[in-house]
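# Descriptive analysis of the structure
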Amino acid sequence: DPRTVDTTIRDIDWLSSGELVVATDDGIRVFAPETDGPPVVRFEGIATSAVSACNDGSALVGSAAGLHVLNAAGSEEHRPAEPGGLPAGDVVSLECRPDLWLVGHAVGATTIDPESGHIDHFVSRRWLLGDRVVAATSDNTGSRWFASPGGITRVDAPELTLAQKAESRHALLEQYFR
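Predicted model only: the values in this text are computed from it and were never measured. By convention here, each chain's residues receive numbers from 1 onward along its written sequence. Only residues with pLDDT of at least 70 get local features here, since the model is predicted, and only at 80 or more are side-chain atom pairs given and counted; chain-wide, interface and lining totals rely on the full set of residues. For side-chain calculations, the full set of non-hydrogen atoms in the structure is used, while hydrogens and water are omitted.

### Remarks on the overall build of the protein
Secondary structure is summarised from DSSP: a helix means a run of H or I of at least four residues, a strand means a run of E of at least two, and numbering begins at the N terminus for each. The number of helices and strands found in the protein is one helix and 15 strands. Considering only C-alpha atoms, the protein reaches an extent of 70 × 30 × 30 Å along its principal axes. Each accessible area is a Shrake-Rupley result for a 1.4 Å probe, and residues are judged covered by the shown protein chains and nothing else. Of the roughly 10,200 Å² that the protein leaves accessible, carbon and sulfur atoms contribute 52%. His is not counted, nor are the chain ends, whereas Lys and Arg count as positive and Asp and Glu as negative. A charged residue contributes its charge at one atom only: NZ of Lys, CZ of Arg, CG of Asp or CD of Glu. When the 14 basic and 26 acidic side-chain charges of the protein are each reduced to a single mean position, those positions are 9 Å apart.

Here you go:
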């Protein structure tokens, strides 16, 4: 059967084109919607751990080597763990939203604005109930939700001016350190 995958399956998702994308221990398998032929293999030899389809027809792919973007046209982009980027390459979970990419990994979570490239990291008990983030999503209010073996954490990320941030931090200092 051409739909059989002869390696361990880690995650699946549907592209807007109707193709099924399968993350496996030996790359990505892309199954066309109306054919019985074998899948197209991408990232062969790379153990992929997570996949999330984006509205524009592309897909985010996670691996121990970092974050990969499989563009709708078939081109590939790699975003490795590096200073100023992902803090760890061990991507565990992905969520692709039109205005936000959420990445769960062994040492926390990362959000990426795909337009600006702005990156935020969430790590430690300050933000999360556990270091290994196994799932991440956001809601329509802008809150980010991260699941770890320790539980689920909601992180609100309101847009504040520098003056508003200073005022809120000052109020916290007054509240807890009198």
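### Quick look at the pairing of strand E9 (residues 91-97)
Among the seven residues of E9, five are classified as buried, and the element is accordingly described as predominantly covered. A pair of strands counts as paired when DSSP detects no fewer than two bridges linking them. When E9 meets strand E10 (residues 100-105), the two strands line up antiparallel, connected through six bridges. Along E10, the bridge assignment pairs Cys96 with Trp101. Counting the residues between successive antiparallel strands, the hairpin from E9 to E10 contains two residues. The rule is simple: take the accessible area with a 1.4 Å probe, protein chains only, and divide by the maximum for that residue type; under 20% is buried, over 50% is exposed, in between is partly exposed.

### Description of the pattern of salt bridges
Salt bridge, as applied in this entry: a Lys or Arg side-chain nitrogen positioned within 4 Å of an Asp or Glu carboxyl oxygen. The tally for this structure, following the rule as stated, stands at five salt bridges. The salt bridge partner of Asp25 is Arg10, with a shortest N-O separation of 2.8 Å. Here the residue Asp25 occupies a position in the loop between strand E2 (20-24) and strand E3 (27-31), and Arg10 occupies one in strand E1 (residues 9-14), the gap between them amounting to 15 residues.

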